Amino acid sequence: MKQLTVCVCAYNAAKYLEETLSSIEKQKFSFEYLLIDDGSSDDTVQIMEKLKRASSHKVTLKTMEENRGTAYCRNWAIHHVNTELIMFFDSDDIAGDSLIGQLYSEIEKDEKCIAVSCYSKYIDENGKFCGGGAVHRPHYERRISAKSGKW
């Protein structure tokens, strides 16, 4: 069984972060956390530290000195995880009860599979549904043409 790190990058996410981390914590799956605070000025770090003290999972907390953006934090994470798999989870998302296990099951079905995704429901600040989308392509493969350099 491949080991998994769930990475949550957050910037001034205190408003949503406790609910997000609670939904991840409820998963019936073994994983490690990598929590990255991207230079927040609210209580984001304190919420992450609270989870680190209470979680039964291994939790690594990284605090950036200044806001660098999600792409920078995710790239940093890719170079610092010690597991074979990484799952990025936005700091304002809520995981379904078996999300991690289902995604893990899909990626394990095919050794050529490098990524999986899932259906999302989008809600506004009042919790009202406002759209959604799905991407799930365990066999999706892209090739670059040697002549044109295009996908």
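This is a predicted model, so every value here is computed, not measured.

Rules used throughout
For every chain, the first residue of the written sequence is number 1, and numbering continues from 1 along that sequence. Local features are withheld for residues below a pLDDT of 70 in this predicted model, meaning they are given only at 70 or higher, and side-chain atom pairs are given and counted only at 80 or more; totals for whole chains, interfaces and linings count all residues. Hydrogens and water are ignored here; the side-chain numbers use all heavy atoms of the structure. Working definition: helices are DSSP H or I runs of at least four residues, strands are E runs of at least two. Numbering for both runs from the N terminus. For the exposure calls, accessible area comes from a 1.4 Å probe over protein chains only, and a residue counts as buried if that area is under 20% of its type's maximum, exposed if over 50%, partly exposed in between. Any two residues whose heavy atoms approach within 4.5 Å are treated as being in contact. Pairing between strands is defined by DSSP: at least two bridges between them are needed. For helices, the fitted axis covers only the stretch in contact; all axes are lines through C-alpha atoms, and the angles between them, taken along N-to-C directions, range from 0 to 180 degrees. The pairing test for Phe, Tyr and Trp rings, Trp by its six-membered ring, is centres within 6.5 Å, and the orientation test on the planes gives stacked under 30 degrees, edge-to-face over 60, and tilted for anything in between. Only when the NZ of Lys or the CZ of Arg is both within 6 Å of the ring centre and within 35 degrees of the ring normal is a charge said to sit over the ring. As used in this structure description, the phrase polar contact means that two N or O atoms lie within 3.5 Å; if the pair is within protein, one of them must be able to donate a hydrogen and the other to accept it, and residues adjacent in sequence are counted only when both atoms belong to side chains.

Colleague: Looking at this structure, how should I read the overall build of the protein chain?
Modeller: Tallying secondary structure elements over the protein chain gives 4 helices and 6 strands in all. Taken across its 151 residues, the protein chain has 33% of its residues classed as buried. Partitioning the contacts of the protein chain with sequence separation of at least 6, the portion at a separation of at least 24 is 66%.

Colleague: What am I meant to see in the sheet that holds strand 4 (residues 85-90) here?
Modeller: Strand-to-strand pairing in sheets goes through backbone hydrogen bonds, with the strands running parallel or antiparallel. On the basis of which strands lie adjacent, the open sheet formed by 4 strands has the order 3-2-1-4 and parallel pairing. The strands lining the two open edges of the sheet, one partner per strand, are strand 3 (59-63) and strand 4. Strand-to-strand twist across the sheet, computed as the mean angle between neighbouring axes with direction ignored, equals 20 degrees. With 6 bridges joining them, strand 1 (residues 4-10) and strand 4 adopt parallel strand pairing. Each residue of the ladder has a partner; that of T5, found in strand 4, is I86. Its contacts with the sheet put helix 3 (residues 70-78) on strand 1, strand 2 (32-37), strand 3 and strand 4, and the angle it makes with strand 4 is roughly 160 degrees. Along the sheet, helix 4 (residues 99-108) makes contact with strand 1 and strand 4, crossing strand 4 at roughly 140 degrees.

Colleague: Hey, could you run me through the packing of aromatic side chains in this one?
Modeller: Given two aromatic rings, their pairing is described by the distance between the two centres and the angle made by the two planes. Applying the stated criterion across every chain yields a total of 2 aromatic pairs. Between F29 and Y104, the aromatic rings sit 4.9 Å apart at their centres with planes inclined by 50 degrees, giving tilted as the arrangement. Taken together, the residues span a long stretch of sequence, with F29 in the loop between helix 1 (14-25) and strand 2 and Y104 in helix 4 at a distance of 75 residues. By the burial criterion, F29 is buried, and Y104 matches it. Each ring, one from F31 and one from Y33, has its centre 5.1 Å from the other, and the planes form 80 degrees; the classification is edge-to-face. Taken individually, F31 and Y33 each receive the classification buried, so the pair is uniform in this respect. Sitting over the face of the ring of Y72, R68 holds its NZ or CZ atom 4.0 Å from the ring centroid.

Colleague: Looking at this structure, how should I read the side chain of S40?
Modeller: For S40, the position within the fold is in the loop between strand 2 and helix 2 (44-54). Classification of S40 by relative accessible area gives buried; the value is 17%. Within polar-contact distance, the side chain of S40 engages the backbone nitrogen of N12 at 2.7 Å. Residues contacting S40, with those up to four places away along its chain left out, are A10, Y11 and N12.

Any functional reading would require information beyond the geometric quantities listed.
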